[in-house]
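Structural overview
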Amino acid sequence: MAAASGTVIYVETPVPGQNWGGSGYGNYFIIDHGNGVSTLYAHCTDVYVSNGQSVSAGQAVGTVGST
């Protein structure tokens, strides 16, 4: 779930749809909430958002994994 409303500024999916593999953060994305605040969501099995997409607080943005 998105911690707060914002805009997706980066998406990296080296192992899309998998719950393993990758390096570093695996499948991950960053949401910019404005005022210098952003959140990073890492090690996702699935990513539901894309670059430039606006999201709302509490919106489902991905699923937990261990990539």
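What you see as residue numbers is a count from 1 along each chain, following the sequence as written. Totals for whole chains, interfaces and linings use every residue, but because this is a predicted model, local features are given only for residues with pLDDT of at least 70 and side-chain atom pairs only at 80 or more, for both listing and counting. In computing side-chain values, all of the structure's heavy atoms are included and hydrogens and water are not.

1. Looking at the packing of aromatic side chains
- What counts as a ring pair is set by centres within 6.5 Å for rings of Phe, Tyr and Trp (its six-membered ring), and what kind of pair is set by the plane angle: stacked under 30 degrees, edge-to-face over 60, tilted for all other angles. Applying the stated criterion across every chain, the model contains three aromatic pairs.
- Each ring, one from tyrosine 10 and one from tyrosine 28, has its centre 5.7 Å from the other, and the planes form 35°; the classification is tilted. Residue tyrosine 10 is found in strand β1 (residues 6-12), and its partner tyrosine 28 is found in strand β2 (residues 28-34); the two are separated by 18 residues along the sequence.
- Taken together, a centroid distance of 5.0 Å and an interplanar angle of 10° make the contact between phenylalanine 29 and tyrosine 41 stacked. Note that phenylalanine 29 is positioned in strand β2 and tyrosine 41 in strand β3 (residues 37-41), a separation of twelve residues in sequence. A helix here means a DSSP run of H or I that spans at least four residues, while a strand means a run of E at least two residues long, and both kinds are numbered starting from the N terminus.

2. Remarks on the environment of alanine 42
- Tracing the backbone through its elements, the reader meets alanine 42 in the loop between β3 and β4 (44-47).
- In this structure, the C-alpha to C-alpha distance between alanine 42 and serine 66, residues 24 residues apart in sequence, is 8.6 Å.
- Residues contacting alanine 42, with those up to four places away along its chain left out, are Tyr25, Asn27 and Tyr28. Contacts are assigned to residue pairs with any non-hydrogen atoms lying within 4.5 Å of each other.

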